[in-house]
Protein chains: 2
Amino acid sequence: MGVVPVDAQRAQANPAARAGAVATRRRGDALLRAIFDAVFDQLRTVGYANLTMDRVAAAAGTSKTVLYRRWSTKEDMIADALRHRLPSPGDIPLTGDVRADIHALLRCVQASFSSTRGTAFQLVSAEAGCDRPVVRQTIISHVVQPCIQLIGEVLRRAAERGEIRPEAAGELVAASGPAMLVQYSLIREPVVPDEFVASVVDQIVLPLTTRSAGAEHG
Amino acid sequence: MGVVPVDAQRAQANPAARAGAVATRRRGDALLRAIFDAVFDQLRTVGYANLTMDRVAAAAGTSKTVLYRRWSTKEDMIADALRHRLPSPGDIPLTGDVRADIHALLRCVQASFSSTRGTAFQLVSAEAGCDRPVVRQTIISHVVQPCIQLIGEVLRRAAERGEIRPEAAGELVAASGPAMLVQYSLIREPVVPDEFVASVVDQIVLPLTTRSAGAEHG
DNA sequence: GGAATTGGATACGGATTCGTATCTTAGAGA
DNA sequence: TCTCTAAGATACGAATCCGTATCCAATTCC
């Protein structure tokens, strides 16, 4: 019972552990990475409602004990996985070029989808209205709101320099870009392609900032 | 055991059944309405992941048996509740006035939030990527996509009449309005207020359609 | 090489949920 | 008034999941 290959199932879950390879026991970061991969993999395949500790452990090629040694609840685990995988909008260097900066910030929102295998906004809604929406708040306050705020900053400075019309430096225009990406992920496919990000910049956000646009409305 | 007031718990769940009132046994539509109320109520309070048949039955003041007589799975029940509560964009009469028509169509998207007590897009993502995303597809294909398509129609006709610039009659502009509403429901609060809908029309969608806007981009 | 640490397998008790079966009774219709 | 349909309560076995306890083995550190 102990002589049989110990990584039989892991070989299924993780192709890197090929048959015949020595059973290597992962530790620290490598183990953590495998667990987070399994978390997002489970979210994608069975959804948040059916994600269980047992399944995550099996998918990661480890056991439930390892998970409970690190996180006491499922929500803690997922929130931690998000903190490790989500991009940080604050780290993006802003150049002063409106188009480039907005594009960079929207790619940050896009990255929050790809780095979580398209499950980011699945998570935002998963526990809406619950007593402790940990996961929900994690992703909202960590990526989307900072991005909207930074885009607002970019627009405001551009308006001060007279590059864009002043009315465009409002909340709505700043939120329009992220809104388009979120919608794409929900309606079309979970991961947003590069061309779509570029289209949103050139056909939605920037047109809203050009002088004479919208002068007759609002 | 049978002489005790039979609607003790229902009185808690449904204030309409006051103490002292005769124990009334609901049927047909009245019962169905109570069940659907309970479904959306549960979605709002405990979330999709923790919604169970037992809890829905208790909240509706009925029993699990009644639920299983109608729907075989939880997903069927929720999907049916959505079909009964969601608005139908196709029923909206289009006047030809661009602003009025877009406003009416966006109010339809807004109604899909209020009629489901703000849980509509919680549901879109609840079972993302699952084997049978019944609930997800129900709400997407029943409200959002028709609305986007109809807005696209409105824009296309307006472009033919020369009222708006031709480039604005594209998919992205048509999707911008719904995207803003979805984002509001996810980030801010589940039910979208009227003023926000009006702001989106006047500060996002219509400005994108005005001539000379975005001429230099794309 | 040996000790300490951590990964990993397994088993379990308890709680929850599912889906069904059974039975009683309220309400609609004849 | 009588009959039939459906509402609603209750109980249940099976399955699942949680969270913990226990034991063994692989790595790392000394």
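Right, let's talk about the packing of helix 2 (residues 28–45) of chain B against helix 3 (residues 53–60) of chain B for a bit. All names here are of chain B. Running from N to C, helix 2 and helix 3 cross one another at 125°; their axes reach a closest spacing of 8 Å. The pairing of helix 2 with helix 3 is recorded here as oblique in orientation. Crossing geometry of helix 2 relative to helix 3 is assigned as right-handed. Together, Ala-34, Ile-35, Ala-38, Val-39 and Gln-42 of helix 2 and Arg-55, Val-56, Ala-59 and Ala-60 of helix 3 make up the contact between the two elements. Among the residues forming the contact of helix 2 with helix 3, the class breakdown is seven nonpolar, one polar and one charged.

Let's shift gears to the environment of B:Gln137. For B:Gln137, the position within the fold is in helix 8 (residues 134–160). Here the alpha-carbon distance between B:Gln137 and B:Ala79, two residues 58 residues apart in the chain, equals 9.1 Å.

Take the protein's contact with DNA strand D next. Around DNA strand D sit 23 residues in total, of which A:Arg25, A:Arg55, A:Lys64, B:Thr65 and B:Arg70 are the nearest. Expressed as a percentage, the sugar and phosphate content of the atoms of DNA strand D within 4 Å of the protein is 56%. Within the contact set of DNA strand D, a phosphate oxygen lies 3.2 Å away from a side-chain nitrogen or oxygen of A:Asp54. Within the side chain of B:Thr62, one N or O atom sits 3.1 Å away from a phosphate oxygen of DNA strand D. Within the residue set of the surface near DNA strand D, elements represented by two or more residues are helix 3 (53–60) and helix 4 (64–70) of chain A together with helix 4 (64–70) of chain B. The element that contributes the greatest number of residues to the surface near DNA strand D is helix 4 of chain B, accounting for four residues. Across the surface near DNA strand D, the residue classes tally to six nonpolar, six polar and 11 charged.

Under the counting rule described, the total for this entry stands at 22 salt bridges over all chains. Of the charged contacts in the structure, one is a salt bridge between A:Arg161 and A:Glu163, with a shortest N-O distance of 2.8 Å. Residue classification places A:Glu163 among the partly exposed positions, given a relative accessible area of 46%. A salt bridge links B:Asp202 to B:Arg99, with the shortest nitrogen-to-oxygen separation between them at 2.7 Å. Residue B:Asp202 is found in helix 10 (residues 194–209), and its partner B:Arg99 is found in helix 6 (residues 98–114); the two are separated by 103 residues along the sequence. With a relative accessible area of 38%, B:Arg99 lands in the partly exposed category. When salt bridges that share partners are traced, they join A:Glu153, A:Arg156 and A:Arg157 into one network.

To continue, consider the nonpolar core. Ranked by size, the top nonpolar core spans 128 residues in total, and within it A:Ile35, A:Ile102, A:Leu181, B:Ile35, B:Ile102 and B:Leu181 carry the most contacts. Not counting the four nearest positions on each side in its chain, A:Ile102 is found in contact with A:Ile151, A:Val154, A:Leu155, A:Val201, A:Val205 and A:Leu206.

Another point: the side chain of B:Ser185. Mapped onto the fold, B:Ser185 is located in helix 9 (residues 171–187). Residue contacts for B:Ser185: discarding those within four places in its chain leaves A:Arg136, B:Phe113, B:Gly118, B:Pro190 and B:Val192.

A few words now on helix 2 of chain B. Residues and elements named next belong to chain B. An ideal rise of 1.5 Å per residue puts 26 Å on 18 residues; helix 2 measures up with 26 Å between its terminal C-alpha atoms. For helix 2, the complete set of buried residues consists of Leu-31, Leu-32, Ala-34, Ile-35, Phe-36, Ala-38, Val-39, Phe-40, Gln-42 and Leu-43. Two residues or fewer after helix 2 comes Gly-47, characterised by a positive phi angle close to 90°.

Residue and element names in this part refer to chain A. When the pLDDT values of chain A are averaged, the result is 83; 80% of them are 70 or greater. Summarising per-element confidence for chain A, the mean pLDDT is lowest in helix 1 (residues 8–13) (43) and highest in helix 10 (residues 194–209) (97). Scored below 50 in pLDDT, residues 1–22 shows 11 contacts in the model against residues more than four places distant or in partner chains.

Looking at DNA strand C, there are 23 residues lining it, with A:Thr65, A:Arg69, A:Arg70, B:Arg25 and B:Lys64 nearest. Considering the 4 Å shell around the protein, atoms of DNA strand C inside it are sugar or phosphate in 55% of instances. For DNA strand C, a phosphate oxygen lies 2.7 Å from a polar atom in the side chain of A:Arg70. Side-chain polar atom of B:Asp54 to a phosphate oxygen of DNA strand C: 3.1 Å apart, as the coordinates give it. Elements that contribute at least two residues to the surface near DNA strand C include exactly helix 4 of chain A together with helix 3 and helix 4 of chain B. Per-element accounting of the surface near DNA strand C gives the leading share, four residues, to helix 4 of chain A. Here the residues of the surface near DNA strand C are counted per class, giving six nonpolar, six polar and 11 charged.

By definition, a disulfide is the covalent link that joins the sulfur atoms of two cysteine residues. All names here are of chain B. In total, this model carries zero disulfides over all chains according to the counting rule given. Here Cys-147 stays unpaired: no disulfide links it, and the sulfur of Cys-108, its closest cysteine neighbor, is 4.1 Å away. Its relative accessible area of 0% is what places Cys-147 among the buried residues.

Cut-offs applied
Residues numbered from 1 in each chain as written. Chains lettered and ligands numbered in written order. Predicted model: local features only at pLDDT ≥ 70, side-chain atom pairs only at ≥ 80, totals over all residues. Heavy atoms only, no water. Axes fitted to C-alpha atoms, helices over the stretch in contact; angles between N-to-C directions. Helix = DSSP H or I, 4+ residues; strand = E, 2+ residues; numbered from the N terminus. Parallel < 35°, antiparallel > 145°, perpendicular 65-115°, else oblique. Left-handed = near helix turned anticlockwise from the far one by under 90°. Contact = heavy atoms within 4.5 Å. Nonpolar A, V, L, I, M, F, W, Y, C, P; charged D, E, K, R; others polar. Near = heavy atom within 4 Å. Polar contact = N/O pair within 3.5 Å; in protein donor to acceptor, adjacent residues only side chain to side chain. Salt bridge = Lys/Arg side-chain N within 4 Å of Asp/Glu carboxyl O. Buried < 20%, exposed > 50% of the residue type's maximum accessible area, 1.4 Å probe, protein only. Core = buried A, V, L, I, M, F, W, Y, C linked by side-chain atoms within 4.5 Å. Expected span 1.5 Å × (residues − 1). pLDDT = per-residue confidence, 0-100. Disulfide = S-S within 2.5 Å.

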